[in-house]
Amino acid sequence: MPRGRPREFDIEVAVESAMQVFWSCGYHGTSLPDLLEATNLSRGSLYAAFGDKHGLFLRALDRYIDESMERLRAELEQPENAMAGLRICIAGYAERTSGVAGKRGCLVVATAMELAAHDTEVEKRIRRFFKKMETALTGTLTRAQAAGELVDGIEPATVARLLLCFLEGMRVVGKASPDDAVSQAAIQTLIDRFVK
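For the structure given in this document, a descriptive report is provided here.

What counts and what doesn't
Residues numbered from 1 in each chain as written. Predicted model: local features only at pLDDT ≥ 70, side-chain atom pairs only at ≥ 80, totals over all residues. Heavy atoms only, no water. Helix = DSSP H or I, 4+ residues; strand = E, 2+ residues; numbered from the N terminus. Buried < 20%, exposed > 50% of the residue type's maximum accessible area, 1.4 Å probe, protein only. Expected span 1.5 Å × (residues − 1). Polar contact = N/O pair within 3.5 Å; in protein donor to acceptor, adjacent residues only side chain to side chain. Phe/Tyr/Trp six-rings, centres within 6.5 Å; stacked < 30°, edge-to-face > 60°.

**Let's talk about unusual backbone geometry**
Part 1 of the argument: For N40, which is not glycine, the phi dihedral falls at a positive 60°.
Part 2 of the argument: Its place among the elements puts N40 in the loop between α2 (32-39) and α3 (43-50).
Part 3 of the argument: For N40, a relative accessible area of 71% puts it in the exposed group.

**Comments concerning helix α4 (residues 53-76)**
Part 1 of the argument: Given a rise of 1.5 Å per residue, 24 residues ought to cover 34 Å, and the 34 Å separating the end C-alpha atoms of α4 matches this to within 8%.
Part 2 of the argument: A distance of 3.2 Å separates the backbone nitrogen of H54 from a side-chain oxygen at the start of α4, and that oxygen is part of D52.

**Let's talk about the packing of aromatic side chains**
Any aromatic ring pair is given by two values, namely how distant the centres are and how the planes are angled relative to each other.
Part 1 of the argument: Within the structure shown, the criterion is met by five aromatic pairs.
Part 2 of the argument: Between Y27 and F57, the aromatic rings sit 5.0 Å apart at their centres with planes inclined by 70°, giving edge-to-face as the arrangement. You can see Y27 sitting in the loop between α1 (11-25) and α2 and its partner F57 sitting in helix α4, a full 30 residues away along the chain.
Part 3 of the argument: You can call Y27 buried: its relative accessible area is 13%.
Part 4 of the argument: Residue classification places F57 among the buried residues on the basis of a relative accessible area of 1%.

As structure tokens, this is what we get:
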């Protein structure tokens, strides 16, 4: 039998609430009182459940990454053809880099810039996320190539790396200049380079 009082809160709800705060304010811009208010937890409950602010942040980052990968897989895995999935994925990125969503940005990109250089746990998660994203894009482009949808001579892994840099770069640019029309035009120009 477990000892002590049982938890009287939903950990996943607390992680989601914390994720929203970290996403809006960044790691260093989020204070412990901000987290206590957002999660409706006492200091003792937060520490008992997550260890500390950093532990809660890692859980929140893991949640964001998992949700991002689920969305990416759903966008890429279209029944029509591989290029349809890729176009849906890229259009989703354009939408997320425009308007209010663009101003908010991406928690992964913001975290990479804020913490990855000096936080090994964060750096491992960011590297793993980008690798998974690149692998998913490579798989989609490989299917498109097999279906004859790509220009001759295109290397799927190389284009996947280019797309990864382009899409995540759009998230950075979208923070300051979240213009959907410009993003869509840039995307179309890029796609025209490798699609038949």
